[in-house]
Amino acid sequence: MTELLKIDGLTKAYPGVVANDGVGFSVRPGEVHALLGENGAGKSTLVKMIYGLVKPDSGTMHFAGQSFAPADPRAARAAGVAMVFQHFSLFEALNVAENVALGMENPPPMRQLAKRIREISTAYGLPLDPARLVGDLSAGERQRVEIVRCLLQDPKLLIMDEPTSVLTPQEVEILFHTLRKLSAEGTAILYISHKLEEIRTLCEGATILRAGKVVASCNPREKTARELAELMVGAELKVTDRAERKLGDVVLKVSGLSLAPLSQFGPSLKDLSLELRAGEVLGIGGVAGNGQEELLATLSGERPSALGTVSLMGEDISGLGPNPRRAKGLLAAPEERLGHAAVPAMSLTENAILTGTMRKPLTRNGFVDQGAAKTFADEIIQAFDVRTPGSHVAARALSGGNLQKYVIGREVLQNPAVLVVNQPTWGVDAAAAASIRQALLDLAAKGAAVIAISQDLDELMEISDRFSALNEGRLSASRPTQGLTIEEIGMMLGGAHGMQEAAV
Amino acid sequence: MITLVRRPTPSQFWSYATPLLAVIATMIAGGILFAILGKHPVEAIRVIFWDPLFGGNASYFRGQLLVKAGPLILIACGLAVGFRAGIWNIGAEGQYIMGALFSAWLALKMYPAESHWLFPAMIVLGALGGFLWAMIPAVLKVLFGTSEILVSLMLVYVAENLLAYMAFGPLKNPEGFGFPGSRNLQDYPSAFNHELIEGTGMHWGVVAALIAVIFTYGLMHRHITGFRIRVAGEAPRAARFAGVIPARLVMLGLGMGGAFAGLAGMFEVSGPSGQITDSFNVGYGFTAIIVAFLGRLHPIGILLAGLLMALTYIGGDMAQLMLGLPSAAIQVFQGMLLFFLLAFDVLTNFRIRFGRVAA
Ligand SMILES: Nc1ncnc2c1ncn2[C@@H]1O[C@H](COP(=O)(O)OP(=O)(O)OP(=O)(O)O)[C@@H](O)[C@H]1O
Ligand SMILES: [Mg+2]
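Conventions adopted
- Residues numbered from 1 in each chain as written.
- Chains lettered and ligands numbered in written order.
- Predicted model: local features only at pLDDT ≥ 70, side-chain atom pairs only at ≥ 80, totals over all residues.
- Heavy atoms only, no water.
- Helix = DSSP H or I, 4+ residues; strand = E, 2+ residues; numbered from the N terminus.
- Rg over C-alpha atoms; globule rule 2.2 N^0.38 Å.
- Buried < 20%, exposed > 50% of the residue type's maximum accessible area, 1.4 Å probe, protein only.
- Contact = heavy atoms within 4.5 Å.
- Areas by Shrake-Rupley, 256 points an atom, 1.4 Å probe, with all protein chains shown as cover.
- Lys, Arg positive; Asp, Glu negative; His and termini not counted.
- Charge placed at Lys NZ, Arg CZ, Asp CG, Glu CD.
- Near = heavy atom within 4 Å.
- Polar contact = N/O pair within 3.5 Å; in protein donor to acceptor, adjacent residues only side chain to side chain.
- pLDDT = per-residue confidence, 0-100.
- Expected span 1.5 Å × (residues − 1).
- Pairing = 2+ DSSP bridges.
- Axes fitted to C-alpha atoms, helices over the stretch in contact; angles between N-to-C directions.
- Patch = residues over 30% accessible without salt bridge, like charges linked within 9 Å, V, L, I, M, F, W, Y side chains within 5 Å.
- Salt bridge = Lys/Arg side-chain N within 4 Å of Asp/Glu carboxyl O.
- Core = buried A, V, L, I, M, F, W, Y, C linked by side-chain atoms within 4.5 Å.
- Domains from an automatic or database assignment.
- Buried area = accessible area lost by both parts, 1.4 Å probe.
- Parallel < 35°, antiparallel > 145°, perpendicular 65-115°, else oblique.
- Nonpolar A, V, L, I, M, F, W, Y, C, P; charged D, E, K, R; others polar.

### Looking at the overall build of chain A
Thought 1: When helices and strands are counted, chain A shows 16 helices and 23 strands.
Thought 2: Its C-alpha radius of gyration of 23 Å places chain A within 12% of the 23 Å reference for a compact globule of 504 residues.
Thought 3: Overall, chain A is about 70 × 50 × 45 Å in size when its C-alpha atoms are taken along their principal axes.
Thought 4: Within the span of chain A, comprising 504 residues, buried residues form 56% of the whole.
Thought 5: Within chain A, contacts between residues separated by at least 24 positions form 67% of all contacts whose residues are at least 6 apart in sequence.
Thought 6: A total accessible area of about 19,900 Å² is found for chain A, and carbon and sulfur atoms account for 51% of it.
Thought 7: Distance between charge centres in chain A, computed from 51 positive and 58 negative side chains, equals 2 Å.

### Re the environment of L20 of chain B
All names here are of chain B.
Thought 1: With respect to the helices and strands, L20 occurs in helix α1 (residues 12–36).
Thought 2: Owing to a relative accessible area of 58%, L20 belongs among the exposed residues under this scheme.
Thought 3: In this structure the C-alpha to C-alpha distance between L20 and F344, which are 324 residues apart in sequence, comes to 10.0 Å.

### Let's talk about the site of ligand 1
Thought 1: Looking at ligand 1, there are 19 residues lining it, with N39, G40, K43, S44 and T45 of chain A nearest.
Thought 2: Neighbouring residues of ligand 1 are not confined to one chain but are distributed across chains A and B.
Thought 3: For ligand 1, an oxygen atom lies 2.9 Å from a polar atom in the backbone of G42 of chain A.
Thought 4: Here ligand 1 loses 87% of its free accessible area of 640 Å² to cover by the protein chains.
Thought 5: Going through the elements one at a time, β2 (17–27), α1 (43–50) and α13 (400–412) of chain A are the ones with two or more residues in the shell around ligand 1.
Thought 6: Residue contributions to the shell around ligand 1 peak at three residues, all from α1 of chain A.

### A short note on the confidence of the model for chain B
Thought 1: Here chain B averages 90 in pLDDT, while 98% of its residues score no lower than 70.
Thought 2: We note a pTM of 0.81 for the whole complex and an ipTM of 0.82 for its interfaces.

### As for helix α4 (residues 110–123) of chain A
Residue and element names in this part refer to chain A.
Thought 1: Between its first and last C-alpha, α4 extends 20 Å over 14 residues, near the 20 Å set by a 1.5 Å rise per residue.
Thought 2: Next to the buried residues of α4 lie α3 (96–102) and α5 (139–151).
Thought 3: Remark: G125 follows α4 within two positions and exhibits a positive phi of approximately 70°.

### Focus on the sheet that holds strand β6 (residues 81–84) of chain A
Through backbone hydrogen bonds, the strands of a sheet pair up, either in parallel or in antiparallel fashion.
Residues and elements named next belong to chain A.
Thought 1: Spatial strand order, β6-β7-β8-β3-β9-β10: six strands in an open sheet with mixed pairing. Of all strands in the sheet, those with a lone pairing partner are β6 and β10 (213–218), marking the two edges. For this sheet, the mean inter-axis angle between neighbouring strands, taken without regard to orientation, is 20°.
Thought 2: Strand contacts of helix α6 (residues 169–184): β3 (32–37), β7 (157–161) and β8 (188–192), with the helix running at about 145° to β8, the strand carrying the most contacts.
Thought 3: Lying on the sheet, helix α8 (residues 225–233) is in contact with β3, β9 (205–210) and β10; it crosses β9 at an angle near 35°.

### Concerning α6 of chain A
Residue and element names in this part refer to chain A.
Thought 1: In a regular helix each residue adds 1.5 Å, so 16 residues correspond to 22 Å; α6 covers 23 Å between its end C-alpha atoms and thus fits that length.
Thought 2: Those residues of α6 not exposed but buried are E171, V172, I174, L175, F176, T178, L179, L182 and S183.
Thought 3: Summarising the contacts, the buried residues of α6 are in contact with β3, α5, β7, β8 and α7 (196–202).
Thought 4: In the stretch just after α6, G186 is the one whose phi turns positive, near 105°.

### Points about unusual backbone geometry
Thought 1: That bond from Y111 of chain B to P112 of chain B is cis: its omega, -5°, falls within 30 degrees of zero.
Thought 2: The phi torsion at N365 of chain A lies on the positive side, around 50°, for a residue other than glycine.
Thought 3: Within the secondary structure, N365 of chain A is located in the loop between β17 (363–364) and β18 (367–368).
Thought 4: A positive phi is found at R296 of chain B, a non-glycine position, where the angle reads about 60°.
Thought 5: With respect to the element layout, R296 of chain B can be found in the loop between α12 (284–294) and α13 (299–323).

### Overview of the sheet that holds strand β5 (residues 66–67) of chain A
Residues and elements named next belong to chain A.
Thought 1: Taken together, the four strands give an open sheet; going across it, the order is β2-β1-β4-β5, and neighbouring strands pair in antiparallel fashion. Whereas interior strands pair on both sides, the edge strands pair on one side only; in this sheet they are β2 and β5.
Thought 2: Where strand β1 (residues 5–14) and β2 come together, seven bridges link them in antiparallel fashion. From the neighbouring strand, L10 faces β2, where its bridge partner is V23.

### Considering a nonpolar patch on the surface
Thought 1: Judged by side-chain polarity, I2, L4, V346, I352 and F354 of chain B come together as a nonpolar surface patch covering roughly 490 Å² of accessible area.
Thought 2: Mapped onto the fold, L4 of chain B is located in strand β1 (residues 3–6).

### Quick notes on the nonpolar core
Most often, soluble globular proteins have nonpolar side chains that are buried together.
Thought 1: Core analysis: the largest hydrophobic core is formed by 116 residues, its most contacted members being L74, I75 and I276 of chain B.
Thought 2: With 13 residues, helix α4 (residues 58–84) of chain B is the single largest residue contributor to this core.
Thought 3: Setting aside residues no more than four positions away along its own chain, I75 of chain B makes contact with A92, Y96, A261, A264, Y284, G285 and A288 of chain B.
Thought 4: In this structure, A34, I147, I174 and A229 of chain A belong to the second largest nonpolar core, which totals 47 residues.

### Thoughts on the pattern of salt bridges
Thought 1: The full count for this structure, using the stated rule, is 29 salt bridges over all chains.
Thought 2: Across the pair E350 of chain A and R230 of chain B runs a salt bridge, and its minimum N-O distance is 3.3 Å. Pair noted here: E350 of chain A is in helix α11 (residues 348–356) and R230 of chain B is in helix α9 (residues 224–234), and the two residues belong to different chains.
Thought 3: Note on R230 of chain B: relative accessible area 17%, which makes it buried.
Thought 4: For E411 of chain A, the salt bridge goes to R410 of chain A, with nearest N and O atoms at 3.0 Å.

### Looking at the pairing of strand β4 (residues 58–63) of chain A
Residues and elements named next belong to chain A.
Thought 1: In terms of strand pairing, β1 meets β4 through five bridges, oriented antiparallel. Bridge pairing in β4 places L5 opposite F63.
Thought 2: Here two bridges tie β4 to β5, and the two strands are oriented antiparallel to one another. Within β5, the position partnered with H62 by the bridge is S67.

### Comments concerning the domain arrangement of chain B
By convention, interface size is frequently given as the accessible area that disappears when the constituent parts associate.
All names here are of chain B.
Thought 1: Each domain of chain B was delimited in the assignment, giving domain 1 (1–37 + 330–359) and domain 2 (58–325).
Thought 2: Counting residues at the interface gives 15 residues for domain 1 and twelve residues for domain 2.
Thought 3: Buried surface at the junction of domain 1 and domain 2, both sides included, amounts to about 1,100 Å², of which 77% is carbon and sulfur.
Thought 4: Counting every contact that joins domain 1 to domain 2 gives one salt bridge.

### What to know about the packing of helix α8 (residues 204–221) of chain B against α13 of chain B
Residues and elements named next belong to chain B.
Thought 1: It is the contact of α8 with α13, at a shortest axis distance of 8 Å, that shows an interaxial angle of 150°. Considering the angle they form, α8 stands roughly antiparallel to α13. Touching L210, V213, T216, Y217 and H221 of α8 are P299, I300 and L303, all from α13.
Thought 2: Split by residue class, the contact of α8 with α13 holds six nonpolar, two polar and no charged.

### Concerning the interface of chain A and chain B
Thought 1: Listed as interface residues are 35 residues of chain A and, on the opposing side, 26 residues of chain B.
Thought 2: Of the roughly 2,600 Å² buried where chain A meets chain B, counting both sides, 61% is carbon and sulfur surface.
Thought 3: Viewed at the interface, chain B and chain A are joined by two salt bridges.
Thought 4: A salt bridge links E293 of chain A to R237 of chain B; its shortest N-O distance comes to 3.1 Å.
Thought 5: On inspection of chain A and its partner chain B, the count reaches ten residue pairs in polar contact (both at pLDDT 80 or more).
Thought 6: Contributions of two or more residues to the side of chain A that touches chain B are made by α9 (292–300), α10 (322–328), α11 and β18 of chain A.
Thought 7: For the side of chain A that touches chain B, the leading source of residues is α11 of chain A, giving four residues.
Thought 8: Classifying every residue of the side of chain A that touches chain B gives 17 nonpolar, nine polar and nine charged.

### A short note on the domain arrangement of chain A
All names here are of chain A.
Thought 1: The domain architecture assigned to chain A consists of domain 1 (5–233) and domain 2 (250–492).
Thought 2: Buried area between domain 1 and domain 2, both sides added, is near 1,500 Å², and the carbon and sulfur share of it is 56%.
Thought 3: E38 serves as the salt-bridge partner of R387, at 3.2 Å between the closest nitrogen and oxygen.
Thought 4: Connecting domain 1 to domain 2 are six residue pairs in polar contact (both at pLDDT 80 or more).
Thought 5: Tallying contributions element by element places α8 first for the side of domain 1 that touches domain 2, with three residues.

Pasting the structure below:
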């Protein structure tokens, strides 16, 4: 037997789009196989069909030599397919072992399970304490819980949909170690990511999708990241153009800002200070969960801070809510797209109204101007190349990356004086990420000030003039990005955030 | 095997079709219920749905239709605003009583005034009574995070007791020969909410209900405030991001429900009922919850649902009278309507798929 998974002519259509169109490829046992493609190319849809979450319209699958058509994830798991989703499905108030047990069909007694978790997790270099509360874990550790949950089923095929977008570089390295070990033992891995360098180091085979069709398959190690990206897009890739920017006056000043945690398990912000000039991009690095969400919430006005802590163009705005801040030119784009930056069940037009009414004439005497709102939504879709049948579509029907483009576009097109973005390119494909970065740079070139909060250090190096690190709710003093070395950044970030790889 | 598949975009078609389906299912299930009670099912359904409109004494009953539908529509419009925001005001019945008490108190206090200002002043006081009663759960929720569901519901029982006390005590008719109940406002020209067109049942409360429908439509579906209210119900975090202040939302959601319910109480006590008695309230505040959902929390839907519910009230009365159906059976019948509506609602957001999938 040479092939573990073989797929032929798999097709799945949604209203207005064909998400997968006659897709075929195969994976050998022990192979680490990448699925590449732009946002909306159909990667998630494809793996959801393999995992039994979505039913194909037509096409066949064979798994371990047998015809395979899982009716639901349980059937897929029984056959030996496991999947780690980008969004974790864990309960914060339960501990690790309890969370693992919840995902199992017939969990063994708790004590035995805890022992198994400890064994498996150390065997694969993913140390986990079964008794710890999930709420206290970092994103990387939470992902370990998901992975260990999968490994307990002894899968033959492990599917990972954008597993590294929430991980630090150190955590990524640990994860890769584990995946290589699994692969050496014969477990095949189907790996989706937009980070092409990672794919080049990890994967031996790749299938590239464009608009639902397989356009190429290759060995990613024999290609450059640029070539891979161009295969995905089907065109040449632009390099971001970092035009010379003139720095203006200080527009945003934060001093001595402290904030209580947003949630039971969140960090507090501790005595933050920063200054931002017109035309400048400040990059704030650090692992998500160290106050990134809190910083955005307090700057956007969702969680106003104590008086005198935030001033915009010399005016104290600390007490103002989101809409007065928008009126004054301070806009924000949170990282959680569904449910925070956008309302999942509402149309893109309605989602344009969500934040657009203060700076765009979308209302008249308080009454919504549907025509103007639709025009604005169409403008965003056009300018940011959002792939969707139209502005009437509900936000939740967009692929992750496309919704992200929409959310960023909505704020950028409102001509902010200051724009705060959190993880602006999470889950966005290489080409689209480049265009989002370019949009942020263009915005700054026009004289706006930008705060980009991101875990992607390369991204921050690419667009920002100055760099600060946010760690455990504390913001380091900023330093010019030019000439900053990786070691210096590492020092600023305060090490690997307490994550160590166990000796394997 | 039957599976539910989530629709990416809620179905427009089913959001209109489910109320109709619910009505039909209720007729069938209700018919079975009536049959078990030993009544002829088709006959019973006809008495409830057909006779009030087209039967022998229909001309009298058609007027009653507006009298009953008016308060239901008025209250449901106010409730819908709160429900859209995810604020569950279950206590409209209490707010309705308080509106009646406030306005009747003013009228009786001024007795026997002859003034054009009395009726408008009663309207204001009616709305105020309901509004203030609704502010109790609102303020408690904002300050202490109490559940508005429990508090507003409990306040219904407080209001009912207050009503009884008033009917037997302070507001009792001094010339009533010891009978409980206040003076009858129908005999008090300045305070009487008379029929506007003879024989139609159309009184100021019905006009107010129509205005409420138009107002609620403008607010919820045209104005930015209504948009934000809907966002708050869908995604609270996105609402905060859009500038919604949760405390204000709670005040608005409960306040509007309370004020509209209070108005309904005012028009009722000054018109069709005429009197503060201990049995003044007949459950409009609770039935309006069904009306609000049956109407998809949409004002036009509420208008239609209000008329339909009014019909089941009148038809139910007739069925009691003519077929001897117990009143509880009629209430079960009305409850079924809400039950089926919520059940069929699944179709709006999910697609049903039949057939076994080869494993
Ligand atoms: N439930 C759905 N209903 C309607 N359309 C959908 C649904 N899920 C996905 N789509 C559409 O199918 C296409 C493929 O989506 P999919 O999520 O598979 O993309 P993807 O390759 O995973 O993209 P990304 O990298 O942005 O996550 C997109 O055009 C998307 O809008
Ligand atoms: Mg995806």
